[in-house]
Amino acid sequence: MHEEFMKMYVKVHPHPRQPKKLVADKAVEYVKSNMVLGLGTGSTAAFVVDKLGALLKSGEITDIMGVLTSKRTQEQAAALGIPLSTLDAHPNLDLAIDGADEVDPNLDPVKGRGL
Ligand SMILES: O=C(CO)[C@H](O)[C@H](O)COP(=O)(O)O
């Protein structure tokens, strides 16, 4: 799955934010109704949350639950009507989506400098 994301991410595109939206939209394709989702923070994650809000509004997905990694994401998700929970209440996530800080030569995403 991540190889497909990274191929899209490294595609040359004239608008610097567009690859983040592309990978965000691609990641959201893996979201199904009734999932408990870990939702990260940052510009890529913000596109993910926007898309989830739109899919909930259109009824394309239902009954998802977001477990958020920051107050910023929590506020965005709440404003879009995404039901929220905590890791304590839902320790088993179906899927977690976040941006990457860096991508290594093998196209593996790196978080927090790999520490
Ligand atoms: O780990 C993060 C925040 O803690 C971000 O996901 C990471 O820094 C990537 O951010 P962006 O999507 O804005 O490039």
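Residues numbered from 1 in each chain as written. Predicted model: local features only at pLDDT ≥ 70, side-chain atom pairs only at ≥ 80, totals over all residues. Heavy atoms only, no water.

Draft legend 1. Structural view of the overall build of the chain. Each helix and strand in the chain was counted, giving 4 helices and 6 strands. The N-to-C order of helical and strand elements in the chain reads α-α-β-α-β-α-β-β-β-β. Of all 115 residues assigned to the chain, the portion counted as buried reaches 35%. Nonlocal contacts in the chain, meaning residues at least 24 apart in sequence, comprise 59% of its contacts between residues at least 6 apart. Accessible surface for the chain amounts to roughly 7,100 Å². Of this, 54% is attributable to carbon and sulfur atoms. (Helix = DSSP H or I, 4+ residues; strand = E, 2+ residues; numbered from the N terminus. Buried < 20%, exposed > 50% of the residue type's maximum accessible area, 1.4 Å probe, protein only. Contact = heavy atoms within 4.5 Å. Areas by Shrake-Rupley, 256 points an atom, 1.4 Å probe, with all protein chains shown as cover.)

Draft legend 2. Structural detail: the site of the ligand. Close contacts around the ligand come from Lys-20, Thr-41, Gly-42, Ser-43, Thr-44, Asp-98, Gly-99, Ala-100, Asp-101 and Lys-111, and that covers them all. Taking Thr-41, its main chain carries an N or O atom lying 2.9 Å from an oxygen atom of the ligand. Note that an oxygen atom of the ligand is positioned 3.4 Å from one of the backbone N or O atoms of Gly-99. Here the ligand, which alone exposes 380 Å², has 66% of that area covered by the protein. (Near = heavy atom within 4 Å. Polar contact = N/O pair within 3.5 Å; in protein donor to acceptor, adjacent residues only side chain to side chain.)

These figures come from the coordinates and say nothing about function on their own.
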